[in-house]
Every structure is written in C-alpha cells, then in structure tokens.
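Each chain is listed here by its residues.
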Amino acid sequence: MNKPPAPFASRAVAMLPDKGVPDLLFLLLHGAGADAAQMRPLAQALRAQYPQAAVLALNAPQAAEGGQHWYPLDGCNDDNHGERVQAALPAFIATVRSWAAQWDLPWQHVALGGFSQGAVLALEAAQAEAQLVGRVLAFSGAYATPPVHAPHEVSLHILHGQLDGVLPYQDQVSAARRLVQLGADITADVLPDIGHELHPELIERAMEQLRTFLPARMWKEAMQAAAEQDGAGKK
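Residues numbered from 1 in each chain as written. Predicted model: local features only at pLDDT ≥ 70, side-chain atom pairs only at ≥ 80, totals over all residues. Heavy atoms only, no water.

Visitor: Give a description of the overall build of the chain that names residues and reports values.
Guide: Secondary structure assignment for the chain yields six helices and nine strands. The buried share of the chain, reckoned over its 235 residues, is 48%. Summed over all atoms, the accessible surface of the chain reaches about 11800 Å², with 51% contributed by carbon and sulfur. (Helix = DSSP H or I, 4+ residues; strand = E, 2+ residues; numbered from the N terminus. Buried < 20%, exposed > 50% of the residue type's maximum accessible area, 1.4 Å probe, protein only. Areas by Shrake-Rupley, 256 points an atom, 1.4 Å probe, with all protein chains shown as cover.)

Visitor: Before we move on, can you summarise the packing of helix 1 (residues 40–49) against helix 5 (residues 200–212) with the specific residues and values?
Guide: With their axes 10 Å apart at the nearest point, helix 1 and helix 5 run at an angle of 35° to one another. The two elements helix 1 and helix 5 cross, and the hand of that crossing is right-handed. In this structure, helix 1 contributes Pro41, Leu42, Ala45, Leu46 and Gln49 to the contact, and helix 5 contributes Ile203, Met207, Leu210 and Arg211. Residue composition of the contact of helix 1 with helix 5, by class: seven nonpolar, one polar and one charged. (Axes fitted to C-alpha atoms, helices over the stretch in contact; angles between N-to-C directions. Left-handed = near helix turned anticlockwise from the far one by under 90°. Contact = heavy atoms within 4.5 Å. Nonpolar A, V, L, I, M, F, W, Y, C, P; charged D, E, K, R; others polar.)

Visitor: Any chance you could break down unusual backbone geometry for me, citing the residues and the numbers?
Guide: Positive phi values are uncommon outside glycine, yet Asp104 reaches one of about 55°. Of note, Asp104 is situated in the loop between helix 2 (81–102) and strand 6 (110–115). Positioned with a positive phi, Asp193 is a non-glycine residue whose angle comes to about 60°. Examined against the element boundaries, Asp193 turns out to sit in the loop between strand 9 (185–191) and helix 5.

Visitor: Can you break down the nonpolar core residue by residue, with the values?
Guide: In a soluble, globular protein the nonpolar side chains are often hidden away together inside. With 41 residues, the main nonpolar core has Leu25, Leu27, Val96, Leu112, Val133, Val136 and Leu156 as its most contacted residues. For this core, the secondary-structure elements that each account for two or more residues are strand 2 (24–29), strand 3 (53–58), helix 2, strand 6, helix 3 (117–128), strand 7 (135–139), strand 8 (155–161) and helix 4 (169–181). By residue number, the principal contributor to this core is helix 2, which donates eight residues. Setting aside residues no more than four positions away along its own chain, Val133 makes contact with Val96, Trp107, Val110, Ala111, Leu112, Ala126 and Val154. (Core = buried A, V, L, I, M, F, W, Y, C linked by side-chain atoms within 4.5 Å.)

Visitor: Lay out the environment of Leu210 with the relevant residues and their values.
Guide: Here Leu210 lies in helix 5. A residue is classified by how much of its surface remains accessible, and Leu210, at 9% relative accessible area, is buried. Sequence separation between Leu210 and Leu46 is 164 residues, and the spatial gap between their C-alpha atoms is 9.7 Å. Ignoring sequence-local partners within four residues, the contact set of Leu210 consists of Phe26, Leu46, Gln49, Tyr50, Arg135, Leu137 and His157.

Visitor: Please provide a residue-by-residue account of the pattern of salt bridges, values included.
Guide: Throughout the structure, instances matching the rule amount to five salt bridges. Taking the shortest distance from any N to any O, the salt bridge between Asp18 and Arg47 comes out at 2.9 Å. In this pair, Asp18 sits in the loop between strand 1 (13–15) and strand 2 while Arg47 sits in helix 1, placing the two residues 29 residues apart along the sequence. According to the relative accessible area criterion, Asp18 is exposed, its value standing at 71%. Note that Arg97 and Glu129 form a salt bridge whose closest N and O atoms lie 3.1 Å from each other. Of this pair, Arg97 sits in helix 2 while Glu129 sits in the loop between helix 3 and strand 7, and the two are 32 residues apart along the sequence. Owing to a relative accessible area of 35%, Arg97 belongs among the partly exposed residues under this scheme. It is possible to trace a salt-bridge network through shared partners that takes in Asp189, Arg205 and Glu208. (Salt bridge = Lys/Arg side-chain N within 4 Å of Asp/Glu carboxyl O.)

Visitor: Now, about the packing of aromatic side chains: what can you tell me, with residues and values included?
Guide: Enumeration over the complete set of coordinates arrives at three aromatic pairs. Ring geometry for Phe26 and Tyr50: centres 5.5 Å apart, planes at 35°, overall tilted. In this pair, Phe26 sits in strand 2 while Tyr50 sits in the loop between helix 1 and strand 3, placing the two residues 24 residues apart along the sequence. Like Tyr50, Phe26 is buried. Ring centres of Trp70 and Phe92 lie 6.1 Å apart, and the angle between their planes is 75°; on these two criteria the pair is classed as edge-to-face. Of this pair, Trp70 sits in the loop between strand 5 (67–69) and helix 2 while Phe92 sits in helix 2, and the two are 22 residues apart along the sequence. For Trp70, a relative accessible area of 2% puts it in the buried group. Classification of Phe92 by relative accessible area gives buried; the value is 1%. (Phe/Tyr/Trp six-rings, centres within 6.5 Å; stacked < 30°, edge-to-face > 60°.)

What follows is the structure in structure tokens.
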C-alpha cells in the first residue's frame, strides 16, 4: 500500500496573533530562487489587516541557485511544466492540510498567497484539490495548464504587473476570462508600470480585494434570503 505524501517541514516567516487562537491561516509561497523572506511585505500587510490570523511564509523544499524552489526549472518547458507542478502538488497539499490542522481551521478559513512560481503552485493546488483553501492570491503567476473547471467555492485573486517580462500578464487575463466562463469567483488586476515583482501597489490591491470582494454564492444567498423575506411579507 502506498503511503500518503508527507508534508514538508519548513517555516521561515511566522506572524501569529498576540492572544488567542488564529481564526484564519495565510500560507505564503515565494518565487523560484528566493526564500520565505521574499514574502515578508505581504505577510506584514496581512498581519496588519487580519491581526487574529496566522500568517506563515514557507521555504520551498528544494534547493536552488540563490535560494529554494517548489519544483525544478532546469530544462523546464511548455511540454513538461505541468508534469513538474503535478509532481510537487501531493506533498504541498499535505503541508497545507497539516498547517490547517495545527489550529483545527476549516478549509474555508485557509488562504494561499504566492509570487511567481509560488503563485503557479497555489493556483494549481486550488484546481487539483477540492476543499483545500477558500482563497488564493496569485502575484505575477500563471497556470501550468489551462484550467478546465472552476474550483468550487474558492475566491481567486490574480494580480499582475503590465510590464512583467517573465510571465506576461496576457496569459493570466486569458485564464481569468476562461474561469469566469466556467463560473469561478475571480478578480484580475493588472497594474501599469510594474514588472515581475511583489510590488507594494499589487499588495495593496490584494488587501482591497480581500476586504471588499463578495463571492457569487454569498450574493445568491443574500438574494434568496431577501426574496423569501419579501414573499413572507406579502402573505
């Protein structure tokens, strides 16, 4: 019998509530060749907006030149990129579930925030595994394979610089349009004069989306409740 994949143990940046048990969990994923410290600006913004959340930036498990990576990029191309991401997903998904279990948090209270390669992993994990996370913040990322279904009850927030020369924004806009057609809850923000970087303006836009975005299912529930109240009032 095959053993289930084991989570990898890695944490470099951790921000926990001053008191009490966390009510949300944000797991942050850096880009290839970097480490968890790259995600500190996003971690600080999340900490300020959600003081009762656990914000953890993880180090990727594999060594790379100058840092770490989630899956190897040497020899990576359009033909094998998807396979490499898929190979990295089981251990990563186990890691997400392990951290959520630390505080007995339901999957709806877990979010992923990734930059570049970390965004690729976050987006693909939400596609591959149902009831893993409730939100994804994808900065300067891409899908390894074009999405063919909308992740159920997951809010996706795509954030990109218009001058990104590493992962062009057009691919993400096309993926976002496709996901809208498939019924996904998704926002896509492309900001001018920003390249391939975790830019403060992108982080601020992400915080705004977290504050204001209302998933379609909540709109439907609110509309249904209003209709039921209106019907009851006419009886």
